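Close look at the chain arrangement
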There are 2 protein chains.
Amino acid sequence: MALPAPAPPRRGRRPAGTDTRAQILTAAREEFAAKGYDGASVRGIARCAEVDPALVHHYFGTKEQVFIAAMSLPILPASVVPDLLAGDLDRLGERVARFFFGVWDVPEGRGPFVGLLSSAATSDQAATMLRTFVTRTLLSRFAAGLPEMPERELRVALAASQLIGAAWLRYVVLVEPLASVPVADVVRLVAPAVQHYLISDCLTAGSARDTFIT
Amino acid sequence: MALPAPAPPRRGRRPAGTDTRAQILTAAREEFAAKGYDGASVRGIARCAEVDPALVHHYFGTKEQVFIAAMSLPILPASVVPDLLAGDLDRLGERVARFFFGVWDVPEGRGPFVGLLSSAATSDQAATMLRTFVTRTLLSRFAAGLPEMPERELRVALAASQLIGAAWLRYVVLVEPLASVPVADVVRLVAPAVQHYLISDCLTAGSARDTFIT
């Protein structure tokens, strides 16, 4: 296969490394789409971008950080998850709901997530990419930080389902009155369900056992 | 504007009315997309299809029934909602969750809803169509059938958000372990939150008031 001809030299100044960064991000989007989050690697992205893997690390850091940059996501789970888990367990649902709706309440915050969630409906590749990223960097990490109890991964997935469903009806479909109540009310209304899924003690022990241990 | 030339006569037998039905459904999809569910009318659909409104009623019935047929939706809210509301209020969340996941657990059942929900992310028209249809035929009707209490429409929207979020992560993004637990477990796990939103008595009176009355 013939290699493409080298680009002609450009005139004028441009920020150092701009093209290399953009080249790496394009390669990263292709690799993550083709292989999912688990299957993609910094080495593979570097190969696809025709640069040294050290350069990918230099510009972005970890695979998680490359993904965040490639998808323009507004949060880095590695730093968010420990912050949410620190503190009073009785208010964990509230902290998580407040953080989540804080991100979604800003159009630039929710935009990339809306894109990923809707493209999952039309593309298996997009679904795999979203699923493996969310599972590895958010759900599993969060589950591992919960107190020892049964079904932690399922609990976290259920809590996420409540948050994402409320965000979808509020910000995308614009269902009233959910779309126009103040965001603080949404947090207050949804937090008990998130708490219920994450920490069974918000119910009586009996109903918690009935509900959560399968 | 010149009218299109009449189609040449076809050979062989075909089911009576097939073309007229298809013509009405195409017109209906255009009308609903352009005007939303509230703005569209049987009269407007008939005009767009160049047929008499009586023919639209003859083939499909009400505007709701035209929409269901045009979008290939597997349920008719007018008949489903009263059935769900009938019976023990203490098990309302369970009945709703069982019915909802019963529809979504079948690919042909969830397909049209997945299409509507994901296209709402990329098209304001699609969002308006979905929102007005769901509000008029499902949420408002359901809210009106709940016992007298504050914030019934908000309650129903929150319950819907939990169901749709869980369905999205389970059937579209395929997040584990939610994607592979038996559907009966999903119903059992999600029903308490649905019940919580719909009927505050599932909590103590104090926390219900704190949570729901704004």
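Whatever comes next refers back to the structure up there.
Presented here is an overview of the structure given in this document. (Residues numbered from 1 in each chain as written. Chains lettered and ligands numbered in written order. Predicted model: local features only at pLDDT ≥ 70, side-chain atom pairs only at ≥ 80, totals over all residues. Heavy atoms only, no water.)

1. Some remarks on the packing of aromatic side chains
Residues and elements named next belong to chain A. This is how the line gets drawn: Planes of paired rings set the category: under 30 degrees apart is stacked, over 60 is edge-to-face and the rest tilted, where pairs are Phe, Tyr or Trp rings (Trp by its six-membered ring) whose centres lie within 6.5 Å. The numbering of helices and of strands both runs from the N terminus, where a helix is a DSSP run of H or I of at least 4 residues and a strand a run of E of at least 2. Burial classification: accessible surface area is computed with a 1.4 Å probe over protein chains only, and a residue below 20% of its type maximum counts as buried, one above 50% as exposed, and the rest as partly exposed.
Inspection of the entire model under this criterion finds 21 aromatic pairs over all chains. The interplanar angle of 80° and the centroid separation of 4.8 Å between the aromatic rings of Phe 32 and Phe 67 together place this pair among those described as edge-to-face. Of this pair, Phe 32 sits in helix α1 (residues 18–39) while Phe 67 is found in helix α4 (residues 63–70), placing the two residues 35 residues apart along the sequence. This pair shows no difference in class: Phe 32 is buried, exactly as Phe 67 is.

2. Some thoughts on the nonpolar core
Heads up, the rule is: By nonpolar core we mean a set of buried residues, namely Ala, Val, Leu, Ile, Met, Phe, Trp, Tyr and Cys, connected to one another through side-chain atoms within 4.5 Å. Contacts were defined at the residue level, with two residues in contact if any of their heavy atoms lie within 4.5 Å.
Membership of the largest hydrophobic core comes to 150 residues, with the highest contact counts inside it found for A:Phe101 and B:Phe101. Residues within four places of A:Phe101 in sequence aside, it is in contact with A:Leu163, A:Ala166, A:Ala167, A:Tyr171, A:Val183, A:Val186, A:Val187 and A:Val190.

3. Examining helix α7 (residues 107–119) of chain B
The criterion, for reference: A helix is expected to span 1.5 Å for every residue after the first.
Spanning 13 residues, α7(B) covers 18 Å between terminal C-alpha atoms, matching the ideal 18 Å at 1.5 Å per step. Among all positions in α7(B), only B:Gly109, B:Arg110, B:Pro112, B:Phe113, B:Val114, B:Leu116, B:Leu117 and B:Ser118 are buried. On its buried side, α7(B) packs onto α7 (107–119) and α9 (152–172) of chain A together with α6 (92–104), α8 (124–145) and α9 (152–172) of chain B.

4. Things to note about the interface of chain B and chain A
As a reminder, the rule being used: Joining two parts hides part of their accessible area as seen by a 1.4 Å probe, and the buried area is that hidden amount summed over both. By convention in these notes, a salt bridge is any Lys or Arg side-chain nitrogen within 4 Å of a carboxyl oxygen on Asp or Glu. Whenever a nitrogen or oxygen atom comes within 3.5 Å of another N or O atom, the pair is scored as a polar contact, on the condition that within protein one atom can donate a hydrogen and the other can accept it, and that pairs from neighbouring residues in sequence are kept only if both atoms are in side chains. Asp, Glu, Lys and Arg are counted as charged, while Ala, Val, Leu, Ile, Met, Phe, Trp, Tyr, Cys and Pro are counted as nonpolar; the rest, among them Gly, fall into the polar class.
Every contact between the two is made by 41 residues of chain B and, on the other side, 41 residues of chain A. Each partner contributes to the roughly 3500 Å² buried at the junction of chain B and chain A, and carbon and sulfur atoms together form 71% of this total. Looking only at chain B, the three residues that lose the most surface to chain A are B:Arg131, B:Val173 and B:Leu189, adding up to 15% of its buried area. There are 0 salt bridges connecting chain B and chain A. Our count for the contact surface shared by chain B and chain A stands at 8 residue pairs in polar contact (both at pLDDT 80 or more). Residue contributions to the side of chain B that touches chain A peak at 13 residues, all from α9(B). Considering only residue class, the side of chain B that touches chain A consists of 29 nonpolar, 7 polar and 5 charged.

5. As for α4(A)
Looking only at α4(A), the buried set comprises A:Glu64, A:Val66, A:Phe67, A:Ile68 and A:Ala70. Looking one or two residues beyond α4(A), the residue adopting positive phi is A:Ser72, at roughly 55°.

6. Notes on the side chain of A:Arg170
Looking at where A:Arg170 falls in the secondary structure, it is placed in helix α9. Once residues lying within four places of it in the same chain are set aside, the contact partners of A:Arg170 are A:Asp105, A:Leu178, A:Ala179, A:Ser180, A:Val181, A:Pro182, A:Val183 and A:Val186.

7. A closer look at the environment of B:Arg141
All names here are of chain B. Along the polypeptide, Arg 141 turns up in helix α8. Each C-alpha atom, one on Arg 141 and one on Leu 76, is 12 Å from the other, the two residues being 65 residues apart in sequence. If near-sequence neighbours (up to four positions away) are discounted, Arg 141 is found in contact with Glu 64, Pro 77, Ala 78, Val 81, Leu 85 and Arg 136. In terms of polar contacts, Arg 141 uses its side chain to reach the backbone carbonyl oxygen of Thr 137, at 3.1 Å.

8. Comments concerning the pattern of salt bridges
All names here are of chain A. All chains considered together, the criterion is met by 16 salt bridges over all chains. Salt-bridge contacts for Asp 38 lead to Arg 136; the nearest nitrogen and oxygen are separated by 2.8 Å. With Asp 38 in helix α1 and Arg 136 in helix α8 (residues 124–145), this pair connects stretches of sequence that are 98 residues apart. For Asp 38, a relative accessible area of 36% gives the class partly exposed. Residues joined by salt bridges that share partners form a network here, namely Arg 91, Glu 94 and Arg 98.

9. A few points about the packing of helix α5 (residues 77–85) of chain B against α6(B)
All names here are of chain B. Defined as follows: Only C-alpha atoms enter the line fits that serve as axes; for helices the fit covers just the stretch in contact. Angles between N-to-C directions range over 0 to 180 degrees.
Between α5 and α6, whose axes approach to 9 Å, the crossing angle comes to 145°. Contacts from Val 80, Leu 84 and Leu 85 in α5 reach Leu 92, Arg 95, Val 96 and Phe 99 in α6. Its residues placed into classes, the contact of α5 with α6 shows 6 nonpolar, no polar and 1 charged.

10. Things to note about the side chain of A:Ser140
For A:Ser140, the position within the fold is in helix α8. Setting aside anything within four residues of it in sequence, one finds A:Ser140 in contact with A:Thr135 and A:Glu153.

11. Topic: the relation of the copies chain B and chain A
Using the following cut-off: Only residues with pLDDT of at least 70 in both copies count here: their C-alpha atoms drive the least-squares fit that superposes the copies.
At an RMSD of 0.0 Å, chain B and chain A line up after a rotation of 180° and a shift of 0.0 Å along the axis. Overall, the copies show the geometry of a two-fold rotation axis. Residue B:Gly165, judged by its C-alpha, is the member of chain B lying nearest the rotation axis, at 1.8 Å. With an isologous cut-off of 70% or more, the 100% of interface residues of chain B that recur at the interface of chain A puts this contact in the isologous class.

12. Observations concerning unusual backbone geometry
The general pattern is negative phi for most residues beyond glycine and trans for most peptide bonds. A:Glu176 connects to A:Pro177 through a cis peptide bond whose omega is 0°. Note on placement: A:Pro177 falls in the loop between α9 and α10 (183–198). The backbone of B:Ser72 sits at a positive phi, close to 55°, despite the residue not being glycine. Summarising the element assignment, B:Ser72 is placed in the loop between α4 (63–70) and α5. The backbone of B:Leu174 sits at a positive phi, close to 65°, despite the residue not being glycine. Topologically, B:Leu174 is positioned in the loop between α9 and α10 (183–198).

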